[in-house]
Amino acid sequence: MLVMRKTQMTTFEQASIADFEKQMLEHLAEFSPPLFKTVGEEQMRKVIRFGRDRADHYGFTLRGPVRFYLELMLLFGSHFDTDPQYPWAAEILTRQNSGPQMQRAERLYKKTLDYQEKVAGPEDAYALRALRNISVLARQPLALSSENFIPAMRQEIVRVYPQKAVYVGDEGIEALIRKGIDGAHKQHFSTVRGVTLVIVLMLAFGHGCGADPLYPWIARTLKDEAITDPEARANRLEKKALTWLEHVLAYFDRGGQA
């Protein structure tokens, strides 16, 4: 994933931004084929520009660290740097005085490997199982109620994705749930199912999924002026999320073949 070579230790003053963008399009198409295929080339260009700006904000200006930052966006969502699911990323990124960018990128890389081993699992087995659990959950009547919603939702996340729940811890999971509740209220989703939907989307795609260039279908649905009823909007969003999950799971069921 991140191999620091001398050829990567060049800044964008030394190399063409257009060339870098072209190289990243090719690299990200190989890094995550199903996501690249779903997003498309033009939208992925926006992702690259967004990621390059965010990486620069944290002092990442060399090709290797910037490329790795883009990889992390595809793994964890474009707003992983502020996501309560990944506090270790924020800690490393924001401590710019803790060392040069190559050193911070290496620390970030090692922590990512640890996360992938314990949370994603061998060949992403845990992550794929969690996506299947989420797909099943979305098709079933919810047993949750508004009373004691947070602890009940936390237990549901433990059931759906136990490896992530253990790694993130109760504090991080609860922070994610509260962000989801707040996000649902801003969309005027009043039902337990609508609130749960937002939390599950954040769990799967990152806490900033509503404004993530990797998942433009979420923002388009939330801003669709043709849908005036909030619950109708939530239902449309749920259907689109299930369609996305079906495509991704089908890709891996075919053995990763296009």
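In the block above lies the structure referred to throughout.
I will try to describe carefully the structure that is included in this document. Predicted model, so just to flag it, every value in this text is computed and none were measured. (Residues numbered from 1 in each chain as written. Predicted model: local features only at pLDDT ≥ 70, side-chain atom pairs only at ≥ 80, totals over all residues. Heavy atoms only, no water.)

## Topic: a positive patch on the surface
Here is step 1: A contiguous patch of positive charge on the surface is contributed by R220, R236, K239 and K240.
Here is step 2: Ranked by residue count, the leading element in the positive patch is helix α12 (residues 230–253), at 3 residues. (Patch = residues over 30% accessible without salt bridge, like charges linked within 9 Å, V, L, I, M, F, W, Y side chains within 5 Å. Areas by Shrake-Rupley, 256 points an atom, 1.4 Å probe, with all protein chains shown as cover. Salt bridge = Lys/Arg side-chain N within 4 Å of Asp/Glu carboxyl O. Lys, Arg positive; Asp, Glu negative; His and termini not counted. Charge placed at Lys NZ, Arg CZ, Asp CG, Glu CD. Helix = DSSP H or I, 4+ residues; strand = E, 2+ residues; numbered from the N terminus.)

## Re the packing of helix α4 (residues 63–76) against helix α6 (residues 101–120)
Here is step 1: Where α4 meets α6, the closest approach of the two axes is 10 Å, and the angle between their N-to-C directions is 25°. Considering the angle they form, α4 stands roughly parallel to α6. For the element pair α4 and α6, the recorded crossing hand is left-handed. Only Q101, M102, A105, L108, Y109, T112, Y115 and Q116 of α6 make contact with α4, whose side of the interface consists of P65, F68, L72, L75 and F76. (Axes fitted to C-alpha atoms, helices over the stretch in contact; angles between N-to-C directions. Parallel < 35°, antiparallel > 145°, perpendicular 65-115°, else oblique. Left-handed = near helix turned anticlockwise from the far one by under 90°. Contact = heavy atoms within 4.5 Å.)

## Quick notes on the side chain of H207
Here is step 1: Relative to the elements of secondary structure, H207 occurs in the loop between α10 (192–205) and α11 (216–222).
Here is step 2: H207 sits in the buried class, given a relative accessible area of 14%.
Here is step 3: Side-chain polar atoms of H207 contact the side chain of T82, separated by 2.9 Å. (Buried < 20%, exposed > 50% of the residue type's maximum accessible area, 1.4 Å probe, protein only. Polar contact = N/O pair within 3.5 Å; in protein donor to acceptor, adjacent residues only side chain to side chain.)

## Description of the pattern of salt bridges
Here is step 1: On inspection of all chains with the given rule, the structure shows 16 salt bridges.
Here is step 2: Notably, a salt bridge pairs K22 with E26, separated by 2.9 Å at the nearest N-O pair. Residue K22 and its partner E26 are located together in helix α1 (residues 17–31), separated by 4 residues, close to a single helical turn.
Here is step 3: Here R95 ties to E91 by a salt bridge, and the two come within 4.0 Å at their closest N and O atoms.
Here is step 4: The exposure class of R95 is partly exposed, given its relative accessible area of 46%.
Here is step 5: When salt bridges that share partners are traced, they join E21, E41, E42, R45 and R49 into one network.

## Side note on the packing of aromatic side chains
Here is step 1: Tallied over the full model, the rule gives 15 aromatic pairs.
Here is step 2: Centre to centre, the rings of F68 and Y109 are 5.8 Å apart; their planes meet at 80°, and the pair counts as edge-to-face. One end of the pair, F68, is in helix α4; the other, Y109, is in helix α6, and 41 residues separate them in sequence.
Here is step 3: Look at Y109 and you get buried, because its relative accessible area is 18%.
Here is step 4: Judged by centre distance (6.2 Å) and plane angle (80°), the rings of Y86 and W88 are edge-to-face. The exposure classification of Y86 matches that of W88, with both residues buried.
Here is step 5: Each member of the aromatic cluster is reached from another via a ring pair, and the members are F76, Y86, W88, Y115 and Y167. (Phe/Tyr/Trp six-rings, centres within 6.5 Å; stacked < 30°, edge-to-face > 60°.)

## A short note on the side chain of T221
Here is step 1: Tracing the sequence through the fold places T221 in helix α11.
Here is step 2: Classification of T221 by relative accessible area gives buried; the value is 2%.
Here is step 3: Separated by 2.7 Å, the side chain of T221 and the backbone oxygen of W217 make a polar contact.
Here is step 4: Residues in contact with T221, not counting those within four places in the same chain, are R233, R236, L237 and K240.

## Here's the deal with helix α9 (residues 162–186)
Here is step 1: Relative to the 36 Å expected for 25 residues at 1.5 Å per residue, α9 spans just 29 Å between its end C-alpha atoms, considerably shorter than the ideal helical length.
Here is step 2: At G169, α9 shows its maximal bend, which comes to roughly 105°.
Here is step 3: Downstream of α9 by a residue or two, H188 has a phi angle that is positive, lying close to 65°. (Expected span 1.5 Å × (residues − 1). Bend = angle between axes of the 7 residues up to and from the residue.)

All we've got here are geometric facts, nothing functional implied.
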